[in-house]
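This is what each chain is made of:
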Amino acid sequence: MLMVMATFSVSEASVNRMIDAWVGVQQATAAVDPEQFEAELEQLETVADELAVERVTPFARALAARANAVDPEMAAALLMGARRLDPVLPSPEFQLGRLAWSNGDYAGAVVHTI
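Residues numbered from 1 in each chain as written. Predicted model: local features only at pLDDT ≥ 70, side-chain atom pairs only at ≥ 80, totals over all residues. Heavy atoms only, no water.

Chemist: Pulling in residues and values, what's your account of the pattern of salt bridges?
Modeler: Inspection of the entire model under this criterion finds five salt bridges. The shortest N-O distance in the salt bridge between glutamate 45 and arginine 84 comes to 2.5 Å. Remark: arginine 84 occurs in helix 5 (residues 72–85) and glutamate 45 occurs in helix 3 (residues 34–50); sequence separation between them is 39 residues. Glutamate 45 sits in the buried class, given a relative accessible area of 18%. Among the charged side chains, a network of salt bridges with common partners joins Glu38, Glu45 and Arg84. (Salt bridge = Lys/Arg side-chain N within 4 Å of Asp/Glu carboxyl O. Helix = DSSP H or I, 4+ residues; strand = E, 2+ residues; numbered from the N terminus. Buried < 20%, exposed > 50% of the residue type's maximum accessible area, 1.4 Å probe, protein only.)

If you want it as structure tokens, here you go:
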């Protein structure tokens, strides 16, 4: 908890709101429900915006890692979510490229990897 507070430089109550929002995202990924995931991700983004947190890299990395263990539709949702949480994290882009390639979308694969 202290590491999260130091990373975000906010109060404990604010960190709790962020963690609560992240738990909702995790529950949606466990349920493999893209619509619920989207709603929970929007809640997390709202909390991050209120706290003036521009990049939520640890959560983006977790979503990118989880994308390796779900079906392609959910994987795409997770990777797009990871990109929204940290737009400069490279792994979601490369994974989106790999996903596009495996779906036969070679142009899309190039877009995500260049």
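Picking up after the structure, the text goes on.
Chemist: Outline the packing of aromatic side chains, supporting the account with residue identities and numerical values.
Modeler: A full pass over the atoms with the stated rule returns two aromatic pairs. Relative to phenylalanine 59, the ring of tryptophan 22 lies with its centre 4.3 Å away and its plane at 5°, an arrangement referred to as stacked. Residue tryptophan 22 is located in helix 2 (residues 12–31), and its partner phenylalanine 59 is located in helix 4 (residues 57–66); the two are separated by 37 residues in the primary sequence. Between the aromatic rings of tryptophan 101 and tyrosine 106, the centroid separation amounts to 4.4 Å while the plane-to-plane angle is 70°, which identifies the pairing as edge-to-face. What makes tryptophan 101 exposed here is its relative accessible area of 52%. Owing to a relative accessible area of 46%, tyrosine 106 belongs among the partly exposed residues under this scheme. (Phe/Tyr/Trp six-rings, centres within 6.5 Å; stacked < 30°, edge-to-face > 60°.)

Chemist: Got a sec to walk through the packing of helix 2 against helix 3? Specific residues and values, please.
Modeler: Running from amino to carboxyl end, helix 2 crosses helix 3 at an angle of 165°, the nearest separation of the two axes being 8 Å. Here helix 3 runs roughly antiparallel to helix 2, going by the angle between their axes. Relative to helix 3, the crossing made by helix 2 is left-handed. Listed contacts from helix 3 to Arg17, Met18, Ala21, Trp22, Gly24, Val25, Ala28, Thr29 and Ala31 of helix 2 are Gln36, Phe37, Glu40, Leu41, Gln43, Leu44, Val47, Ala48 and Glu50. Here the contact of helix 2 with helix 3 is composed, by residue class, of 11 nonpolar, four polar and three charged. (Axes fitted to C-alpha atoms, helices over the stretch in contact; angles between N-to-C directions. Parallel < 35°, antiparallel > 145°, perpendicular 65-115°, else oblique. Left-handed = near helix turned anticlockwise from the far one by under 90°. Contact = heavy atoms within 4.5 Å. Nonpolar A, V, L, I, M, F, W, Y, C, P; charged D, E, K, R; others polar.)

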